[in-house]
Amino acid sequence: AVMCNWLVCMAVFLATSANDLAGKMVGIWFPISMFIAVGFEHAVANMFLLPAGLLAGAPVSLWTAITRNMLPVTIGNAIAGALVVGAGFSFSM
């Protein structure tokens, strides 16, 4: 979750740093493509995928989905957003 949020924040940083539309698209495309290809877990993406799986009949309870996936992923995303990305951006400015 930490690496996933780092890639998502990197996409936002690259998009805001680019001056033209092509640069913004490339800046978003590569980090998000890598996050999807590697299979990292992201809390916002899981907010769609887990309920969709539960509604489709996945053999998982709601409690298991929350405690074994959403809770650790959300904590990892918060750590990455607050510490890793924040500290890195503070040195870049």
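Structure first, text after, so check above.
### Thoughts on helix α2 (residues 21-38)
Then, number 1: The end-to-end C-alpha distance of α2, which contains 18 residues, comes to 26 Å, matching closely the 26 Å that a straight helix rising 1.5 Å per residue would cover.
Then, number 2: For α2, the full list of buried residues reads G27, P31 and F35. Angularly, the buried residues of α2 cover 50° about the axis, an arc narrow enough to put them on a single face. The exposed set on the far side of α2, more than 90 degrees from its buried face, consists of L21, M25, W29, F30, I36 and A37.
Then, number 3: The first or second residue beyond α2 is G39, which carries a positive phi of 90°.

### A closer look at the side chain of N5
Then, number 1: In this fold, N5 is placed in helix α1 (residues 2-17).
Then, number 2: At 2.6 Å, the side chain of N5 and the backbone oxygen of N77 are in polar contact.
Then, number 3: Excluding residues that lie within four positions of it along the chain, N5 makes contacts with H42, N77, A80, G81 and V85.

### Describing helix α4 (residues 62-92)
Side chains three or four residues apart in an α-helix point the same way, a direct result of the helix having 3.6 residues per turn.
Then, number 1: At A80, α4 shows its maximal kink, close to 35°.
Then, number 2: Taken residue by residue, α4 has A65, N69, M70, V73, G76, N77, A80 and V85 as its buried positions.
Then, number 3: Where α4 is buried, its residues meet α1 and α3 (43-55).

### Quick notes on a nonpolar patch on the surface
Then, number 1: A cluster of nonpolar residues, V2, M3, W6, L71, I75, I79, L83 and V84, forms a patch on the protein surface that exposes about 690 Å² of accessible area.
Then, number 2: Among the elements of the structure, α1 and α4 are those that each provide at least two residues to the nonpolar patch.
Then, number 3: Counting residues per element, the nonpolar patch draws most heavily on α4, at 5 residues.
Then, number 4: Relative to the elements of secondary structure, I79 occurs in helix α4.
Then, number 5: Its relative accessible area of 40% is what places I79 among the partly exposed residues.

### Topic: the environment of A43
Then, number 1: Tracing the sequence through the fold places A43 in helix α3.
Then, number 2: With residues up to four places along the chain from it excluded, the contact list for A43 reads M70, V73, T74 and N77.

### Looking at the environment of M10
Then, number 1: With respect to the secondary-structure elements, M10 resides in helix α1.
Then, number 2: Judged by relative accessible area, which is 21%, M10 ranks as partly exposed.
Then, number 3: Separated by 20 residues in sequence, M10 and F30 have C-alpha atoms that sit 9.8 Å apart.

Thresholds, definitions, all that
Starting afresh in each chain, residues are numbered from 1 along the sequence in its written order. In view of the model being predicted, local features appear only for residues whose pLDDT reaches at least 70, and side-chain atom pairs are presented and counted only at 80 or more, with totals across whole chains, interfaces and linings using the full set of residues. The side-chain values count all of the structure's non-hydrogen atoms but skip hydrogen atoms and water molecules. Strands are runs of DSSP state E lasting at least 2 residues, helices are runs of H or I lasting at least 4, and numbering of each runs from the N terminus. One less than the residue count of a helix, multiplied by 1.5 Å, gives the span that helix is expected to have. Residue burial is assigned from relative accessible area. The probe radius is 1.4 Å, only protein chains are included, and a residue is buried under 20% of its type maximum, exposed over 50%, and partly exposed in between. Read the arc as the range of directions from the helix axis to the C-beta atoms. Between N or O atoms, a polar contact is any pair within 3.5 Å; within protein, one atom must be a potential hydrogen donor and the other a potential acceptor, and residues adjacent in sequence are included only when both atoms are from side chains. Contacts: residue pairs with any heavy atoms within 4.5 Å of one another. Note on bend: the value at a residue is the angle between axes fitted to the seven residues ending there and to the seven starting there. Exposure above 30% relative accessible area and no salt bridge define the residues that can form patches, which grow by joining like charges within 9 Å and nonpolar side chains of Val, Leu, Ile, Met, Phe, Trp and Tyr within 5 Å. In these tables, accessible area is a Shrake-Rupley quantity obtained with a 1.4 Å probe, and a residue counts as shielded only by the protein chains included in the view. Within this document, salt bridges are pairs made up of a side-chain nitrogen of Lys or Arg and a carboxyl oxygen of Asp or Glu, the two lying within 4 Å of each other.

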